[in-house]
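Each chain, letter by letter, is given below.
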Amino acid sequence: QVQLVESGGGLVQPGGSLRLSCVASGRIFSIDAMGWYRQAPGKQRELVAQITNIGSTNYADSVKGRFTIARDNAKNTVYLQMNSLKTEDTAVYYCNARVRTYASIGDYWGQGTQVTVSS
């Protein structure tokens, strides 16, 4: 009914940059908050950044000043610009969106994209 597809992950050296994208598609009426979470091996999934439909943002302390979240409401797309990457940023990054369809409201997840920061 609703699909989220991430792209942009990969391998980067410490200090480098990556940009993640996530497109939502399906029977969408509107999207409330969109965000990025990550899960490193052996750790719980954690919130990285979130943005509301009016552009209010929230970041994990560990990424403040390095990561920037943005969205294009016309394209149902959320982005995560990641700069000054550190080895501890290595994780699978998941896109999340709270989506209103014409019948219901629910939280949807992408399949995840691997980000590896290593020299």
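Here is what the cut-offs are and how they apply
- Residues numbered from 1 in each chain as written.
- Predicted model: local features only at pLDDT ≥ 70, side-chain atom pairs only at ≥ 80, totals over all residues.
- Heavy atoms only, no water.
- Salt bridge = Lys/Arg side-chain N within 4 Å of Asp/Glu carboxyl O.
- Helix = DSSP H or I, 4+ residues; strand = E, 2+ residues; numbered from the N terminus.
- Buried < 20%, exposed > 50% of the residue type's maximum accessible area, 1.4 Å probe, protein only.
- Phe/Tyr/Trp six-rings, centres within 6.5 Å; stacked < 30°, edge-to-face > 60°.
- Lys NZ or Arg CZ within 6 Å of the ring centre and 35° of its normal.
- Pairing = 2+ DSSP bridges.
- Axes fitted to C-alpha atoms, helices over the stretch in contact; angles between N-to-C directions.
- Contact = heavy atoms within 4.5 Å.
- Polar contact = N/O pair within 3.5 Å; in protein donor to acceptor, adjacent residues only side chain to side chain.

Student: Sorry if this is basic, but what is going on with the pattern of salt bridges here?
Tutor: Close approach of charged atoms lets side chains of opposite charge pair. Applying the stated criterion across every chain yields a total of six salt bridges. Across the salt bridge formed by Arg-38 and Asp-89, the nearest N and O atoms sit 2.9 Å from each other. Placement of the pair is Arg-38 in strand β4 (residues 30-39) and Asp-89 in the loop between β8 (77-82) and β9 (91-100), with a sequence separation of 51 residues. You can call Arg-38 buried: its relative accessible area is 6%. For Arg-98, the salt bridge is made with Asp-107, and the minimal N-O distance between the two is 3.1 Å. For Arg-98, a relative accessible area of 34% corresponds to the partly exposed category. One continuous salt-bridge network, built from bridges that share partners, spans Arg-38, Glu-46, Arg-66 and Asp-89.

Student: Got a minute to help me understand the packing of aromatic side chains in this structure?
Tutor: Each aromatic ring pair is specified by the distance between its two centres and by the angle formed by the two planes. For the structure on display, the rule yields two aromatic pairs. On the basis of an interplanar angle of 70 degrees and a centroid distance of 5.3 Å, the ring pair of Phe-29 and Tyr-102 is categorised as edge-to-face. With Phe-29 in the loop between β3 (18-26) and β4 and Tyr-102 in the loop between β9 and β10 (105-109), this pair connects stretches of sequence that are 73 residues apart. Exposure remark for Phe-29: the relative accessible area of 55% places this residue in the exposed category. For Tyr-102, a relative accessible area of 63% gives the class exposed. Taking the centre distance of 5.0 Å and the plane angle of 65 degrees together, the rings of Tyr-37 and Trp-109 count as edge-to-face. Within this pair, whereas Tyr-37 is found in strand β4, its partner Trp-109 is found in strand β10, the two being separated by 72 residues in sequence. Across the ring face of Tyr-79, the terminal group of Arg-19 is positioned such that the distance to the ring centre comes to 4.1 Å. The cationic tip of Arg-45 hangs over the ring face of Tyr-94; the distance from NZ or CZ to the ring centre is 3.8 Å.

Student: Even after reading the chapter, I still don't get the sheet that holds strand β1 (residues 2-7), so can you show me in this structure?
Tutor: Within a sheet, neighbouring strands are paired by backbone hydrogen bonds and run either parallel or antiparallel to one another. Strands sit in the order β1-β3-β8-β7 across an open sheet of four strands; the sheet is antiparallel. A single partner strand is all that each edge strand has here, and the edge strands are β1 and β7 (67-72). Sheet twist, expressed as the mean angle between neighbouring strand axes with direction ignored, is 15 degrees. Strand direction decides the pairing type here: β1 and β3, joined by six bridges, are antiparallel. Along β3, the bridge assignment pairs Leu-4 with Ala-24.

Student: When you look at the environment of Arg-66 in this model, what are you seeing that I'm missing?
Tutor: Position of Arg-66 relative to the elements: it lies in the loop between β6 (57-59) and β7. In this structure the C-alpha to C-alpha distance between Arg-66 and Gln-81, which are 15 residues apart in sequence, comes to 8.3 Å. Filtering out sequence-adjacent residues up to four positions away, Arg-66 remains in contact with Gln-81, Met-82, Asn-83, Ser-84, Leu-85, Lys-86 and Asp-89. Within the local environment of Arg-66, its side chain forms a polar contact with the backbone oxygen of Ser-62, the two atoms lying 2.9 Å apart. Within polar-contact distance, the side chain of Arg-66 engages the backbone oxygen of Ser-84 at 2.9 Å.

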